[in-house]
Amino acid sequence: MASPSKNGNVKDSPSRSSSHPTDLVLPTQRVKMIMKSCPDVDMVPQETLHLITKCTELFIKYLVEETIRNAEDRTRVDYEALAQIVHTKDHLEFLRDTIPKKITWAEARKFMAENDNKFEGFH
Amino acid sequence: MAERPEDLNLPNAVITRIIKDSLPEGVAIAKEARSAIAKAASVFVLFTTSSANNLAQKNKKKTVNAQDVFNALKEMEFEKFIEPLQESLEVHKKTQQSKKEQKEAKAKAKKAQESETTEAVEGSGADNIEETSTEDAVETDKENDLRPETVD
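Each chain has its residues counted from 1, following the order in which its sequence is written. Written order determines the labels here, with chains lettered from A and ligands numbered from 1. Totals for whole chains, interfaces and linings use all residues, but because this is a predicted model, local features are given only for residues with pLDDT of at least 70 and pairs of side-chain atoms are given and counted only at 80 or more. In computing side-chain properties, one takes all heavy atoms of the structure into account and sets aside hydrogens as well as water.

(A) Molecular detail of the interface of chain B and chain A. The contact definition used throughout considers only heavy atoms, calling two residues in contact when any of these lie within 4.5 Å. At the junction of the two partners, chain B supplies 62 residues and chain A supplies 57 residues. Using a 1.4 Å probe, buried area is obtained as the accessible area two parts lose upon being combined, added over both of them. When chain B packs against chain A, the two sides together hide about 5,400 Å² of surface, and 71% of this comes from carbon and sulfur. Take a side-chain nitrogen of Lys or Arg and a carboxyl oxygen of Asp or Glu: if they are within 4 Å of each other, that pair is a salt bridge. As a salt-bridge pair, Lys93 of chain B and Glu47 of chain A come within 3.5 Å of each other at their nearest N and O atoms. Distance and chemistry together define a polar contact, namely a pair of N or O atoms within 3.5 Å, with one atom able to donate a hydrogen and the other to accept it when in protein, and with adjacent residues in sequence counting only for side-chain atoms on both sides. For the pair chain B and chain A, the interface holds 9 residue pairs in polar contact (both at pLDDT 80 or more). Looking at the side of chain B that touches chain A, the elements that each hand over two or more residues are helix 1 (12-22), strand 1 (28-29), helix 2 (31-58), helix 3 (66-75) and helix 4 (82-120) of chain B. Residue classes in the side of chain B that touches chain A are distributed as 36 nonpolar, 15 polar and 11 charged. Note on pairing: DSSP must find at least two bridges between two strands before they are called paired. Starting at the N terminus, helices and strands are each numbered in turn, a helix being any DSSP run of H or I of at least four residues and a strand any DSSP run of E of at least two. Of the strand pairs in this sheet, strand 1 (residues 76-77) of chain A and strand 1 of chain B are connected by 2 bridges, and their pairing is parallel. Considered in strand 1 of chain B, the bridge of Val77 of chain A is made with Ile29 of chain B. Polar here means any residue outside two lists: the nonpolar Ala, Val, Leu, Ile, Met, Phe, Trp, Tyr, Cys and Pro, and the charged Asp, Glu, Lys and Arg; Gly therefore counts as polar.

Quick look at the structure:
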């Protein structure tokens, strides 16, 4: 699958994504900054940076593909469909705070009414 | 370390490009979904880094290496990424290696060229022969002549 072509977007490859394995699309310096914001992370070897950058690209692709696969409307990737997979797949649990499920105002009011004692000042 | 919130974000244009490359023909993405995916990507970097780092520390190592990343991905249930990552790493290493060799070969060639030039042109004052590729035609004529007629 690794085509030796040196040009960025290989549109004729079966997966339709930029499949040249060595061309990283995400900027490594930015990824490195994010990695370094982790406490206890000191030095980041070149190899590790490459892997994390590449696997983040794969992850983005994965999110898009899974959302479409599970969506009711497959012509569009919308927020609700994305949130749906985040809240149903176990290994996407770490994203539940980042991509919360949305509720309607009516649902929110109902929830607050039921939990009256916990929401002071929201009457 | 990053003081501004945007430092921890990945550039939108690039994320959009990756998303668009992953979309089948005729499928669009909502703006809101796109920005949620961008955030998710940053969180993924953090989560994977921190998981890999924990594994490294458990094994008393100071830096996170490739194996730690692979093991972290296994733990996170993203094993399917491991194989394409390994391929990517292989190609990356080979590219780095050949880049290095090219650089060394270039440096060697330049050195050889320099020493040849200094031998052929003795005190003619035209030491800058090899660098005047884009300068006046007059200079070029001088070079072709090889005889230091007009050079003082």
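(B) How the structure looks around helix 1 (residues 28-36) of chain A. Among the residues of helix 1 of chain A, those classed as buried are Val31, Ile34 and Met35 of chain A. End-on view of helix 1 of chain A: buried residues confined to an arc of 100°, all on one side of the axis. Check the buried side of helix 1 of chain A and you find it contacts helix 2 (46-70) of chain A together with helix 2 of chain B. Only protein chains enter the calculation, and the probe is 1.4 Å; a residue is then buried if its accessible area is under 20% of its type maximum, exposed if over 50%, and partly exposed in between. By construction, the arc corresponds to the directions joining the helix axis to the C-beta atoms.

(C) Structural view of the confidence of the model for chain B. All names here are of chain B. As a per-residue measure, pLDDT tells how confident the predictor is, with possible values from 0 to 100. Mean pLDDT over chain B stands at 82; residues scoring 70 or higher make up 74%. Across residues 131-143, where pLDDT falls below 50, the model places 5 contacts with residues more than four positions away in sequence or in other chains. In the model output, the complex is listed with pTM 0.72 alongside ipTM 0.75.

(D) Structural detail: the UniProt feature "domain: Transcription factor CBF/NF-Y/archaeal histone" (unreviewed entry) in chain A. UniProt positions are given in the numbering used here, feature names are shortened, and annotations may be inferred rather than shown by experiment. UniProt feature "domain: Transcription factor CBF/NF-Y/archaeal histone" (unreviewed entry): in the numbering of this structure it lies at residues 26-76 of chain A. Regarding residues 26-76 of chain A, the helix share stands at 67% and the strand share at 2%, and the terminal C-alpha atoms are separated by 24 Å.

(E) Local environment of the nonpolar core. Note on terminology: a nonpolar core comprises buried Ala, Val, Leu, Ile, Met, Phe, Trp, Tyr and Cys residues joined through side-chain atoms within 4.5 Å. One finds Phe59, Leu63 and Leu92 of chain A together with Phe44, Leu73, Phe78 and Phe81 of chain B to be the most contacted residues of the largest nonpolar core, which totals 61 residues. Sorting the residues of this core by element identifies helix 1, helix 2 and helix 3 (79-88) of chain A together with helix 1, helix 2, helix 3 and helix 4 of chain B as the ones contributing at least two each. Excluding residues that lie within four positions of it along the chain, Leu73 of chain B makes contacts with Cys55 of chain A together with Phe44, Thr48, Phe78, Glu79, Phe81, Ile82 and Leu85 of chain B.

(F) Fine view of the confidence of the model for chain A. All names here are of chain A. Across chain A, the average pLDDT comes to 83, with 77% of residues at 70 or higher. Ranking the elements of chain A by mean pLDDT puts helix 4 (residues 105-114) last with 85 and helix 2 first with 96. Contacts of residues 2-18 to residues separated by more than four positions or lying in other chains number 28 contacts, the stretch itself having pLDDT below 50.

(G) The arrangement of the UniProt feature "domain: Transcription factor CBF/NF-Y/archaeal histone" (unreviewed entry) in chain B in detail. Sites flagged by UniProt as "domain: Transcription factor CBF/NF-Y/archaeal histone" (unreviewed entry) map to residues 9-73 of chain B. With 72% helix and 3% strand, residues 9-73 of chain B has its two end C-alpha atoms placed 22 Å apart.

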